[in-house]
Amino acid sequence: VEVVRQTSKKYKFAVSTIPAVYKGGESAPIKISIDNAPATDVVISLSITGSPAGFSVTPTTMTFKPDVNVGYFQVVVSSTATFNTTSSGTVALALSGTDADVYSIDATVAFSITDSTASAGSITSFGLGTPTRVSVTIIPSTDQVG
């Protein structure tokens, strides 16, 4: 057995992109993963920067250990949160635990917030494409693009 010096920050956790979060809702589960699970443990602490009222993250900690190299969290925006029609937020991530020195993670991950009361637009008319024996294409027109 060869004993070698511990390598600092050798492995980096990957954090999936956070999709838009709607006021009064929660994000889809966001994946955090590492290719090499820790020998003992690494704890990731999660929080919303600035601790604004009505914004939270769940769970607030995730523990990675042998055979546990994937975890999920969600961003929650309460219906009473106040912000502009479209805004953004940031999740802060910090490592601790027995093996934390061997790992790294981006310190923050940004996300966008959308007010669910914004109009989604309306369908103004329908058109039909050329029908076949088994299908027809329906072509809606809307009063809003995007």
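The present account deals with the structure reproduced in this document. Small disclaimer: the values here were computed from a predicted structure and weren't measured.

Quick notes on the rules
Residues numbered from 1 in each chain as written. Predicted model: local features only at pLDDT ≥ 70, side-chain atom pairs only at ≥ 80, totals over all residues. Heavy atoms only, no water. Salt bridge = Lys/Arg side-chain N within 4 Å of Asp/Glu carboxyl O. Helix = DSSP H or I, 4+ residues; strand = E, 2+ residues; numbered from the N terminus. Buried < 20%, exposed > 50% of the residue type's maximum accessible area, 1.4 Å probe, protein only. Pairing = 2+ DSSP bridges. Patch = residues over 30% accessible without salt bridge, like charges linked within 9 Å, V, L, I, M, F, W, Y side chains within 5 Å. Areas by Shrake-Rupley, 256 points an atom, 1.4 Å probe, with all protein chains shown as cover.

With that out of the way, let us pick up the pattern of salt bridges. Counted by the stated rule, this structure contains one salt bridge. Of the charged contacts in the structure, one is a salt bridge between Lys 12 and Asp 106, with a shortest N-O distance of 2.7 Å. Here Asp 106 lies in the loop between strand E11 (103–104) and strand E12 (108–114) and Lys 12 lies in strand E1 (residues 11–12), a separation of 94 residues in the sequence. Given a relative accessible area of 40%, Asp 106 falls into the partly exposed group.

With that settled, the discussion passes to the pairing of strand E5 (residues 30–33). Both faces of the sheet carry side chains from a regular strand, because those side chains alternate between them. Examined bridge by bridge, strand E2 (residues 14–15) and E5 share two bridges and lie antiparallel to one another. If you follow Ala 14 over to E5, its bridge partner there is Ser 33.

The next thing to look at is a nonpolar patch on the surface. A contiguous nonpolar surface patch, about 550 Å² in accessible area, is contributed by Ile 123, Phe 126, Leu 128, Val 136 and Ile 138. With three residues, strand E13 (residues 123–128) is the single largest residue contributor to the nonpolar patch. Along the chain, Ile 123 falls in strand E13.

Turning our eyes to something else, we now look at unusual backbone geometry. Backbone phi values are negative for most residues with the exception of glycine, while trans is the configuration of most peptide bonds. Cis rather than trans, the peptide bond between Thr 58 and Pro 59 has omega equal to -5°. Mapped onto the secondary structure, Pro 59 falls in the loop between strand E7 (55–58) and strand E8 (61–64). Phi angles above zero are rare outside glycine, and Asp 67 is one such case at about 70°. By the secondary structure assignment, Asp 67 is in the loop between E8 and strand E9 (70–77). By relative accessible area, which is 77% here, Asp 67 ends up exposed.

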